[in-house]
Amino acid sequence: MVHLNDYVQPMNMNPKHHAGGYADFAFVQHVYDHLPAAKARQDINFYVEMAKGCGGAVLELAAGTGRIALPTARAGISITALDVSHFMLAAFRDSLIHEKEEVKARVRLVEEDMRQFELGAHYALVTIPFYSFQHLTDTADQLSCLRACHRHLADDGSLVINVTNPSLPRILSDKSF
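Report on the accompanying structure. (Residues numbered from 1 in each chain as written. Predicted model: local features only at pLDDT ≥ 70, side-chain atom pairs only at ≥ 80, totals over all residues. Heavy atoms only, no water.)

## What to know about a nonpolar patch on the surface
Residues L143, L146 and L159 make up a contiguous nonpolar surface patch of roughly 210 Å² in combined accessible area. Overall, the relative accessible area of 31% leaves L146 in the partly exposed class. (Patch = residues over 30% accessible without salt bridge, like charges linked within 9 Å, V, L, I, M, F, W, Y side chains within 5 Å. Areas by Shrake-Rupley, 256 points an atom, 1.4 Å probe, with all protein chains shown as cover. Salt bridge = Lys/Arg side-chain N within 4 Å of Asp/Glu carboxyl O. Buried < 20%, exposed > 50% of the residue type's maximum accessible area, 1.4 Å probe, protein only.)

Structure, rendered in structure tokens:
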């Protein structure tokens, strides 16, 4: 059996990142948006509509390449896009180059760990899309992330987290993802 790790070595594996190497591999941003699981997602409109209805600025954690943040900014919403991966944010920056100035002005990119960040702002909506919360595999990290989200929510703000309850037969099948 061929394993990806046999061919791809992390540039700087950082033990403080508990995201399965997500932040440490330079190739991830090149394939992320082309993975079947990402391409098949029908969640972009959901998040854009949530942002439109929140009445204020949005914070997206694990924003990656901007799959959700860019359409949100195009819809006229100010969004802070936070990600731990320098590589993913670099791909996001590359996408921003092609956007109109008013869209660029609505986007703030922040390279931080979603478990512990301090942005000095409050948001009407905080989102953690595409199962990203599940990269936090221990309770202490999950609670740390939720506390950071709480600190950044406006008094009447909302937190939206996408998680899945994995099916053991699906995980074990050849067609698991």
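From this point on, the discussion continues.
## So, helix α3 (residues 44-54)
Given 3.6 residues per turn, any residue in an α-helix points the same way as the ones three and four places further on. Turning to α3, its buried residues number three or more, namely Y47, V48 and A51. End-on, the buried residues of α3 take up no more than an arc of 100°, which puts them together on one face. In α3, the exposed positions that point more than 90 degrees away from the buried face belong to N45 and G53. Residues of α3 that are buried in the fold lie against β1 (58-61), α4 (69-74), β4 (123-128) and β5 (153-161). (Helix = DSSP H or I, 4+ residues; strand = E, 2+ residues; numbered from the N terminus. Arc of directions from axis to C-beta. Contact = heavy atoms within 4.5 Å.)

## Observations concerning the pairing of β5
Pairing between β4 and β5: five bridges, direction parallel. Bridge pairing links L125 to S158 in β5. For the handedness criterion, the β-α-β arrangement of β4, helix α7 (residues 139-152) and β5 is classed as right-handed. (Pairing = 2+ DSSP bridges. Right-handed = clockwise from strand over helix to strand, strands pointing away.)

## Section: the environment of H135
Relative to the helices and strands, H135 is located in the loop between β4 and α7. Overall, H135 belongs to the partly exposed group, its relative accessible area being 32%. Residues H135 and A62 lie 73 residues apart in sequence; the distance between their C-alpha atoms is 9.8 Å.

## Digging into the nonpolar core
Among the nonpolar cores identified, the biggest contains 17 residues, and V58, I79, F92 and V107 are the most heavily contacted of them. When residues in this core are grouped by element, the largest group, three residues, is from α4. Beyond its immediate stretch of four places on either side in the chain, V107 contacts A73, I79, F92 and L96. (Core = buried A, V, L, I, M, F, W, Y, C linked by side-chain atoms within 4.5 Å.)

## Description of the sheet that holds β5
Strand pairing within a sheet occurs via backbone hydrogen bonds; the two strands may be parallel or antiparallel. Spatially, the five strands line up as an open sheet ordered β3-β2-β1-β4-β5, and their pairing is parallel. The open sheet terminates on both sides in strands that have one partner only, identified here as β3 (107-111) and β5. On average, each strand axis in the sheet is tilted by 20° relative to the strand beside it, whichever way the strands run. Lying on the sheet, α3 is in contact with β1, β4 and β5; it crosses β4 at an angle near 165°. (Axes fitted to C-alpha atoms, helices over the stretch in contact; angles between N-to-C directions.)

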